[in-house]
Amino acid sequence: ALAQRNGRIYMYFGNNANGIGVVSSTSPTGPFTDPRGSALVTASTPGASGTNSWLFDPSIFIDDNDNDIYLYFGGNGDNNARVIRLNSDMVSVSGSAIALSIPYFFEASWMHKRDGVYYLSYSTNPDNGLRIDYLTSSSPTSGFTPRGTVGPQPPSNGNNNHAAIFVYNGVWYHAYHNRYVANQTGVPPGYK
């Protein structure tokens, strides 16, 4: 996940489900440097861990109400989604991570906001089709209500699904995994 703040680009990344790191640059193409010298979120971060939880798939959200910064992450179970506030420096956490209970949660949480409503979308688990479902709330950290499906698993996707919902030049977009082109050209689609 990328965010721009204070003239810098910050990139948040998972470390094999064991933690979340951050690097920064003045350009989205790098070079990137490590501003911390250590992971941003680990199993020892207060509130970050859960039963068989994955600490990965970070998503960054900067609230336009108060410029508060939130990092969403986690995976592998209905109670393994997390959100934690970041400090304005973008490279340190503020307080404990908050556990979110999300039906059929697998991975790939993503937050966006529209007309004052917070939308948390995510990939459901394999038993529930790896579709992109969503919840809404009047808060970025609690009170979420399941609302349904944003998009089904694309045909022939054959693996997990990640998505992002965002506005660009006044138009809303839903970007998601789709391995159709890779499968048609014979290129192995894993991890690309």
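Above this text is the structure in question.
Owing to the predicted nature of the structure, the values given are computational and were not obtained by experimental measurement. All residue numbers refer to positions counted from 1 along the written sequence of the respective chain. In keeping with the predicted nature of the model, local features appear solely for residues at pLDDT of at least 70, side-chain atom pairs appear and are counted solely at 80 or more, and the whole-chain, interface and lining totals rest on all residues. Excluded from the side-chain calculation are hydrogens and water; included are all heavy atoms of the structure.

Participant: Summarise the sheet that holds strand β4 (residues 59–62); cite the residues concerned and give the values.
Facilitator: In spatial order, the strands read β4-β5-β6-β7; together these four strands make up an open sheet with antiparallel pairing. Each edge of the sheet is formed by a strand with only one pairing partner; in this case those strands are β4 and β7 (93–100). Direction aside, neighbouring strands of the sheet carry axes that sit 25° apart on average. Criterion used throughout: strands pair if DSSP finds at least two bridges between them. The helix and strand labels rest on DSSP assignments: H or I over at least four residues marks a helix, E over at least two residues marks a strand, and numbering proceeds from the N terminus. The pairing of strand β5 (residues 69–74) with strand β6 (residues 81–86) spans six bridges and is classified as antiparallel. All axes are obtained by fitting lines to C-alpha atoms, using only the stretch in contact for helices, and the reported angles, taken between N-to-C directions, cover 0 to 180 degrees.

Participant: Now, about the layout of surface pockets: what can you tell me, with residues and values included?
Facilitator: Points on a 1 Å grid, built from protein atoms alone, make a cavity when a 1.4 Å probe fits but cannot get out and make a pocket when they are open with protein on both sides within 12 Å along at least 5 of 7 lines; residues with an atom within 4 Å of a point are the lining residues. Grid points are joined across faces, edges and corners, and a volume is the space filled by probe spheres set on the points. Volume-wise, the largest pocket comes out at about 1,300 Å³. What lines the largest pocket is a set of 49 residues, among which A1, P58, W110, H162 and A163 lie closest to the centre. Broken down by secondary-structure element, the contributors of at least two residues to the lining of the largest pocket are β1 (2–5), β2 (8–14), β4, β8 (105–114) and β12 (163–168). If one sorts the elements of the lining of the largest pocket by residue count, β8 sits on top with nine residues. Considering only residue class, the lining of the largest pocket consists of 27 nonpolar, 13 polar and nine charged. When residue character is reported, Ala, Val, Leu, Ile, Met, Phe, Trp, Tyr, Cys and Pro are called nonpolar, Asp, Glu, Lys and Arg charged, and the others, Gly included, polar.

Participant: Kindly report on the sheet that holds strand β9 (residues 117–124), identifying the contributing residues and their values.
Facilitator: Strands sit in the order β8-β9-β10-β11 across an open sheet of four strands; the sheet is antiparallel. Since the sheet does not close on itself, it has two edges, and those belong to β8 and β11 (145–151), each with one partner. Mean inter-strand twist for the sheet, computed between neighbouring axes without regard to direction, equals 30°. With five bridges connecting them, strand β10 (residues 132–137) and β11 associate as antiparallel partners.

Participant: Requested: an account of the nonpolar core, with residues and values cited.
Facilitator: To define a nonpolar core, start from buried Ala, Val, Leu, Ile, Met, Phe, Trp, Tyr and Cys residues and group those joined through side-chain atoms within 4.5 Å. Using a 1.4 Å probe on the protein chains alone, a residue whose accessible area is under 20% of its type maximum counts as buried, one over 50% counts as exposed, and one in between counts as partly exposed. Y12, L40, V41, I60, L71, F73 and L86 are the most contacted members of the largest nonpolar core, which totals 18 residues. Listing elements by their share of this core, those giving two or more residues are β2, β3 (20–25), β5 and β6. In terms of residue count, the dominant contributor to this core is β5 (three residues). Any pair of residues with heavy atoms lying within 4.5 Å of one another is described as a contacting pair. Discounting chain neighbours no more than four positions away, the residues touching L71 are Y12, I20, L40, V41, P58, S59, I60, R82, V83, I84 and L86. In terms of nonpolar packing, the next biggest core, distinct from the first, is built from 14 residues, A81, Y118, L135 and F144 among them.

Participant: Hey, could you go over the pattern of salt bridges for me, with residue numbers and the actual values?
Facilitator: Every case where a carboxyl oxygen of Asp or Glu lies within 4 Å of a side-chain nitrogen of Lys or Arg is listed as a salt bridge. Tallying each qualifying case throughout the model produces four salt bridges. Among the ionic pairs, D63 bridges to K113, the shortest N-O distance being 2.8 Å. Of the two residues, D63 is situated in the loop between β4 and β5 and K113 in strand β8; the sequence distance between them amounts to 50 residues. K113 gets classed as buried once you look at its relative accessible area, which sits at 16%. With a shortest N-O distance of 2.8 Å, R131 and D133 are connected by a salt bridge. The exposure class assigned to R131 is partly exposed, which follows from its relative accessible area of 21%.

Participant: Residues and numbers for the environment of N161, please.
Facilitator: Examined against the element boundaries, N161 turns out to sit in the loop between β11 and β12. Among the residues examined, N161 registers a relative accessible area of 0% and is labelled buried. Expressed as a C-alpha distance, the spacing of N161 and N125, which sit 36 residues apart in the sequence, is 9.5 Å. Beyond its immediate stretch of four places on either side in the chain, N161 contacts A108, S123, L130, I132, P152, Q153, P154, Y176 and H177. N or O atoms within 3.5 Å of each other form a polar contact, as long as, within protein, one can give a hydrogen and the other can take it, and as long as residues adjacent in sequence are counted only when both atoms are side-chain atoms. Engagement of the side chain of N161 in a polar contact is seen with the side chain of Q153, the distance being 3.3 Å. A polar atom in the side chain of N161 sits 3.5 Å from the backbone nitrogen of H177.

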